[in-house]
Amino acid sequence: MNIEFDLNGRVQKVVITSVERAIDVLTRQCGIKSLSGTCLEGLCGTCLILLEGKPVYSCLMPAFMLRDHRVETTEYFTKMREYSLLNSELTKEGSALCSSCHNGIMLMGMMLIRSVPAPTRGEILSSLSNVHCDSIDPDDFADAVLKIIQHLGIARKMP
Ligand code: FES
């Protein structure tokens, strides 16, 4: 079947079968490199995408559910200032991200940084339940996200 969806700000048209998963279509047909299907069971979070701004495991999602939706992957954010800020804050905090968790952690971070209204510390910490990463300290992650939100808030108010 033919489906169309918005992928990282561009219209994407693909031909899929009824048994394909979203991760398969995104990686094989759409050239998305940030996703890896480590467990394919909804356990690791290496396949996280944002569907209409909400985190979804693309390994558990049938591809046809992408139809007519807005999908964002980490690639969408990598050139944004907020992404660089988050990356450098996490490095400063000593939370070097392992390559397998990088996608999920950065995607959660960008989702939170863009949230309106700004998330609470509790919401930031609970977002990590989507990513099963042993290398990041949840408090470091929350500190980094809150610092950037505060920094951006101040920058936006300046004339
Ligand atoms: S590949 Fe592990 S949650 Fe999707």
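What you are looking at is a predicted structure, and each value in this text was computed from that prediction instead of being measured. (Residues numbered from 1 in each chain as written. Predicted model: local features only at pLDDT ≥ 70, side-chain atom pairs only at ≥ 80, totals over all residues. Heavy atoms only, no water.)

Description of the packing of aromatic side chains
Next up, step 1: Applying the stated criterion to the full structure yields 1 aromatic pair.
Next up, step 2: Between the aromatic rings of Tyr76 and Phe77, the centroid separation amounts to 5.2 Å while the plane-to-plane angle is 80 degrees, which identifies the pairing as edge-to-face.
Next up, step 3: Classification of Tyr76 by relative accessible area gives partly exposed; the value is 30%.
Next up, step 4: Using a relative accessible area of 0% as the deciding quantity, one classes Phe77 as buried. (Phe/Tyr/Trp six-rings, centres within 6.5 Å; stacked < 30°, edge-to-face > 60°. Buried < 20%, exposed > 50% of the residue type's maximum accessible area, 1.4 Å probe, protein only.)

Description of the domain arrangement of the protein chain
Next up, step 1: Annotation of the protein chain at the domain level lists domain 1 (2–73) and domain 2 (78–157).
Next up, step 2: Taken over C-alpha atoms, the centre of domain 1 sits 22 Å from the centre of domain 2.
Next up, step 3: Contacts between domain 1 and domain 2 engage 16 residues on the former and 11 residues on the latter.
Next up, step 4: Each partner contributes to the roughly 1000 Å² buried at the junction of domain 1 and domain 2, and carbon and sulfur atoms together form 56% of this total.
Next up, step 5: Of all residues in domain 1, Leu48, Leu50 and Pro55 give up the largest surface area on contact with domain 2, accounting jointly for 39% of the area buried on that side.
Next up, step 6: At the junction of domain 1 and domain 2, the tally comes to 1 salt bridge.
Next up, step 7: Linking Arg114 and Glu72 is a salt bridge whose minimum nitrogen-to-oxygen distance equals 2.8 Å.
Next up, step 8: The interface formed by domain 1 and domain 2 holds 6 residue pairs in polar contact (both at pLDDT 80 or more) in total. (Domains from an automatic or database assignment. Contact = heavy atoms within 4.5 Å. Buried area = accessible area lost by both parts, 1.4 Å probe. Salt bridge = Lys/Arg side-chain N within 4 Å of Asp/Glu carboxyl O. Polar contact = N/O pair within 3.5 Å; in protein donor to acceptor, adjacent residues only side chain to side chain.)

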